[in-house]
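# Examining the three-dimensional arrangement
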Amino acid sequence: MTIYFYRVNEPYGCFSNFSAHGFMLDGKWWPTSEHYFQAQKFAGTPYEEKIRLIKSPKDAATMGRDRRLPLRQDWELVKDEVMRKAVLQKFKSHHDIRAILLSTGNREIVENSPVDYYWGCGADGSGKNMLGQILMEVREELRREGNRS
Ligand SMILES: Nc1nc(O)c(N)c(N[C@@H]2O[C@H](COP(=O)(O)O)[C@@H](O)[C@H]2O)n1
């Protein structure tokens, strides 16, 4: 059976980028994977650090989506890899949520966002569900690592 998630305070809320599971990446502490993802839109500019230090993932998303700020030119090319890197590091950094992700076995994981047709499945289920795809890739990678150790 497919696993749907969206809000942090609902089942499988730890799969959301808004969940409070911080990690070290690129030599810095990131409060959530949303902070990291949004900040990378402005990598190498002062906005990267501004987003890292912003109060909440919601505020990070608001600032990251502000198109008055200088979005890096290659964003469309790198955004999936940025998301993969953030999500992998998040689940490597927290044993409890890694166990939850691994406990889903081979079930399909879907970000049940009514508004997002790229990262989620959108209101009618026709979206790309890239965040769900990445979570399933990360699950596979963690499984491979577990088998090696
Ligand atoms: N809570 C929430 N509201 C939205 O409007 C959304 N689009 C999402 N999806 C998440 O947004 C992040 C990426 O957004 P942008 O590419 O910057 O628009 C990512 O974390 C999605 O999972 N969530």
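Residues numbered from 1 in each chain as written. Predicted model: local features only at pLDDT ≥ 70, side-chain atom pairs only at ≥ 80, totals over all residues. Heavy atoms only, no water.

### Describing unusual backbone geometry
- Phi at Tyr12 takes a positive value of approximately 60°, unusual for a residue other than glycine.
- Relative to the helices and strands, Tyr12 resides in the loop between β1 (3–5) and β2 (23–25).
- Backbone geometry at Asn129 places phi at a positive 55°, although glycine is not the residue there.
- With respect to the secondary-structure elements, Asn129 resides in the loop between β4 (109–111) and α6 (130–148).
- We classify Asn129 as buried; its relative accessible area is 4%. (Helix = DSSP H or I, 4+ residues; strand = E, 2+ residues; numbered from the N terminus. Buried < 20%, exposed > 50% of the residue type's maximum accessible area, 1.4 Å probe, protein only.)

### A short note on the environment of Lys79
- By secondary structure assignment, the location of Lys79 is in helix α4 (residues 75–93).
- Residue class for Lys79 comes out buried when judged on its relative accessible area of 11%.
- Counting along the chain gives 39 residues from Lys79 to Gln40, while the straight-line C-alpha distance between them is 8.4 Å.
- Those residues in contact with Lys79, other than ones at most four positions away along the chain, are Phe37, Tyr118 and Trp119. (Contact = heavy atoms within 4.5 Å.)

### Considerations on the environment of Trp30
- On the secondary structure map, Trp30 appears in strand β3 (residues 28–30).
- Judged by its relative accessible area of 1%, Trp30 is buried.
- Measuring from C-alpha to C-alpha, the distance between Trp30 and Leu142 comes to 21 Å, with 112 residues separating the pair along the chain.
- With near-sequence residues (within four places) excluded, Trp30 lies in contact with Gly22, Phe23, Leu25, His35, Tyr36, Ala39, Gln40, Glu48 and Arg52.

### As for the UniProt feature "domain: NADAR" (unreviewed entry) in the protein
- The residues that UniProt annotates with the feature "domain: NADAR" (unreviewed entry) are residues 4–143.
- The span residues 4–143 is 45% helical and 8% strand by assignment, and the distance between its end C-alpha atoms comes to 21 Å. (UniProt positions renumbered as here; feature names shortened; annotations may be inferred.)

### Observations regarding the state of the cysteines
- Counting across every chain of the model gives 0 disulfides.
- Cys14 forms no disulfide, and the closest cysteine sulfur to it belongs to Cys121, at a distance of 18 Å. (Disulfide = S-S within 2.5 Å.)

### Quick notes on the nonpolar core
- Ranked by internal contacts, the top residues of the largest apolar core, which has 34 residues, are Phe15, Val87, Phe91, Leu135 and Val138.
- If you tally residues by element for this core, the top one is α4, at 8 residues.
- The contact partners of Val87, leaving out residues within four places of it in the chain, are Asn17, Leu131, Ile134, Leu135 and Val138. (Core = buried A, V, L, I, M, F, W, Y, C linked by side-chain atoms within 4.5 Å.)

### Brief notes about the site of the ligand
- Looking at the ligand, there are 13 residues lining it, with Asn17, Glu34, Lys41, Arg65 and Glu111 nearest.
- One of the side-chain nitrogen or oxygen atoms of Glu34 is found 2.5 Å away from an oxygen atom of the ligand.
- Gln38 is positioned with one of its side-chain polar atoms (N or O) 3.0 Å from an oxygen atom of the ligand.
- Compared with its free state, where it exposes 500 Å², the ligand has 78% of that area covered by protein.
- Per-element accounting of the shell around the ligand gives the leading share, 3 residues, to helix α1 (residues 33–39).
- Of the residues contributing to the shell around the ligand, the split by class is 6 nonpolar, 2 polar and 5 charged. (Near = heavy atom within 4 Å. Polar contact = N/O pair within 3.5 Å; in protein donor to acceptor, adjacent residues only side chain to side chain. Areas by Shrake-Rupley, 256 points an atom, 1.4 Å probe, with all protein chains shown as cover. Nonpolar A, V, L, I, M, F, W, Y, C, P; charged D, E, K, R; others polar.)

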